[in-house]
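# Structural description and commentary
What follows is the residue order along each chain.
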Amino acid sequence: MQKLWTTFVKDARLSYQGIYFYMEVGMAIIFVLVMLFAVPENFDRTQTFYALVEIEALKGELSELIADGGDHQVKFFDSRPALEQALAANRSAAGIHVHLQGQRPVLELVLQGHESESMKALLRSTLEGAMASQLPGYVDRTTVVTLETAPARLSDRVNLLPIYLVINVAFMGLFIIAAYVFLDKEEGVIKAFAVAPVQVWHYLVSKIIIMALMAVVVSTIVVISLVGFRINYPLLILAILAFNVFGSVLGLLITSFFDSMTKAMGALFFSVFVLMFGGFSYFMPWFSPAWIRLLPSYPMIFSFRELLLEQGDVAYVLQNIGLFIALSILLFIYTNYRFKKTLTV
Amino acid sequence: MIKVQGLYHSYTHDHVYAVKNANFEIAPGEIFGFLGPSGAGKSTTQGVMTGLLPLQQGVVQVAGYDMRLRQRELFNKIGVSFEQSNVYSKLTALENLEFYGKLFDVPTLDPMQLLHLVGLDGVAKNKAGTFSKGMKHRLTFIRSMLNNPAIWFLDEPTTGLDPAISRKIIEIVKDKNAEGATVFLTTHNMQVADELCHRVAFIIDGEIKLIDSPRNLKLQFGEKIVVVDHRVDDTTKREQFSLVKPDDMARLQTLLQTGKIEMMHTKEATLEEIFIQVTGRGLL
């Protein structure tokens, strides 16, 4: 253990003097500043409707109908050109034109063109439903049931944090640890290390510890800055350690197949790219096929999400921590074997 | 101390060998020179002997350790100085030595004394990244001495150094050898090999062409020559005479009896000339 400590102290000194440590810290500072000062706590979801109502009696009624539908607001215009001009100026607004055709009121939905078919249908049926509810004898028999009775939600700002944590904890580590190894190869010091009475795993574990410490310190500071002290920090740190070690070991394994950063870049980039597919399911919950759920990023992102929720699923987080520890051990055994064969070849 | 038998090594894992059927043994306390031009297979052989390259075929034993097993304890007994300097540029010279010193399981030499030995004690606390090529080379050299190795592998130890420092390095190697260290010297510098080595091996295209002591090689291959400067019609003329060719010997005898000799000295063949004679190739 004394040799591991000696190697770790040396690596810590080199990291402290190297560019990657400051890159990581710099990125964290920028992320916190952007999140605190540029990203609102929650995004504005108010739907603005611009309306041209040629039947004066319906104006008040339409305002009420739209307001009843949720976070909506309505603004009236006097002419079709004015309506269209306003819509052109605000690309997120939707337009409604109510006019008479003979003796019957006709409702025309004026959209921007970028709305999806489902959004068009939703707006159309919302308005039709609202109109129908005004008919004599109408009774609303629709009930809404959700499988999750009290789905927990993160604020929009904190909702971005799991993605940042996975990028910073697992996948930046993958790149940086590879850079450290290739720097050693480039300077030739890896050869000097190889002819010293130390084990290859000393070399690997020392670098893994450096990466883990860097990830814990930087990530914890970011989470405290954005969330405060309301979450389970010991569990968060455990998760950061487990996921970071997995990323570092994966980075080392990829590194063992190449002799320079330039040659390894493609494989490293490809790995991160594929692994990040888990982020799609995070932002699009309806898109989570089995192959995405099998990628490491999926359980990592959702574990961080649970950790950030006030009533998060601790069992799910612990299960994933255990899974990644087991995976890391297996991967490390193979990586160590690979490095023994290829350290100086 | 070192035994190499039927060593083959291929970087491409086929029949294109960088080293072909190398066989030699090195006795304790011997300085063994491995001489050849760049790409001859010197560093590959040393790489296998120091465990930097895997042993693919043959037998290699170093200090009683079978290199096929690659036991880490071996590295407490050997020291390796590399041709390309390889020190941590962000650490000071002293930190570099202190770090490596702590990796050994045997007592190590005082880093400051080692730095003093090669004139780097004044810059002990400067980062190695600020050093000149020669300074880095000296640091790499003394790092290989930290564990007072019983077997010392030196790859081009004087390359790129100025004459004074080269002389210092040669004297250090001689001193360590006098203390009992076995030295495996890889070089293409024949003067250094001639001065230091008890035996040399000539390697070219991965094959060892010959192994013998420099003295025996000179006796076997070198032609004794006498160089004479003498006056002819108010000018000085320089002539060479072989001491083995009868014609030359007769001409020299005549000159000694009748000529006006200004200067006369014997000249031995150099290792380099012998190398060229044996291998048909130069050293660069």
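For the structure itself, consult the block above.
So, here's what we can say about the structure. (Residues numbered from 1 in each chain as written. Chains lettered and ligands numbered in written order. Predicted model: local features only at pLDDT ≥ 70, side-chain atom pairs only at ≥ 80, totals over all residues. Heavy atoms only, no water.)

Taking burial as the measure, the nine residues of helix H2 (residues 93–101) of chain B include seven buried ones, the bulk of the element. The set of residues buried in H2 of chain B consists of Ala-93, Leu-94, Asn-96, Leu-97, Phe-99, Tyr-100 and Gly-101 of chain B. Close packing links the buried residues of H2 of chain B with helix H1 (2–17) and helix H8 (189–194) of chain A together with helix H3 (111–117) and helix H4 (133–143) of chain B. (Buried < 20%, exposed > 50% of the residue type's maximum accessible area, 1.4 Å probe, protein only. Helix = DSSP H or I, 4+ residues; strand = E, 2+ residues; numbered from the N terminus. Contact = heavy atoms within 4.5 Å.)

So, on to the packing of aromatic side chains. Ring pairs (aromatic) are described by centroid distance and by the angle formed between their planes. All told, the structure shown has 29 aromatic pairs over all chains when counted by the stated rule. Seen in terms of ring centroids, Phe-193 of chain A and Tyr-203 of chain A are 5.3 Å apart; in terms of plane orientation they differ by 55°. Their pairing is tilted. Of this pair, Phe-193 of chain A sits in helix H8 while Tyr-203 of chain A sits in helix H9 (residues 200–227), placing them ten residues apart in sequence. This pair shows no difference in class: Phe-193 of chain A is buried, exactly as Tyr-203 of chain A is. Ring geometry for Phe-32 of chain B and Phe-34 of chain B: centres 6.4 Å apart, planes at 35°, overall tilted. Among the aromatic side chains, those forming a connected cluster through ring pairs are Phe-193 and Tyr-203 of chain A together with Tyr-88, Phe-99 and Tyr-100 of chain B. Sitting above the plane of the Phe-257 of chain A ring, Arg-338 of chain A keeps its charged end 3.9 Å from the centroid. (Phe/Tyr/Trp six-rings, centres within 6.5 Å; stacked < 30°, edge-to-face > 60°. Lys NZ or Arg CZ within 6 Å of the ring centre and 35° of its normal.)

Turning our eyes to something else, we now look at the side chain of Glu-306 of chain A. Residue and element names in this part refer to chain A. Note on placement: Glu-306 falls in helix H14 (residues 297–308). By relative accessible area, Glu-306 is classed as buried at 17%. If we ignore the near neighbours within four places in the chain, the residues touching Glu-306 are Gly-312, Asp-313, Tyr-316 and Val-317.

Another aspect to go through is the packing of H2 of chain B against H4 of chain B. Residue and element names in this part refer to chain B. Where H2 contacts H4, the two axes come as close as 10 Å, and the packing angle between them is 25°. By the angle class used here, H2 and H4 are roughly parallel. Helix-helix and strand crossings are classified by hand; for H2 and H4 the assignment is right-handed. Each of Ala-93, Asn-96, Leu-97 and Tyr-100 in H2 lies in contact with H4, whose residues at this interface are Leu-139, Ile-142 and Arg-143. Of the residues assigned to the contact of H2 with H4, the class counts are five nonpolar, one polar and one charged. (Axes fitted to C-alpha atoms, helices over the stretch in contact; angles between N-to-C directions. Parallel < 35°, antiparallel > 145°, perpendicular 65-115°, else oblique. Left-handed = near helix turned anticlockwise from the far one by under 90°. Nonpolar A, V, L, I, M, F, W, Y, C, P; charged D, E, K, R; others polar.)

Read these as geometric descriptors, not functional statements.
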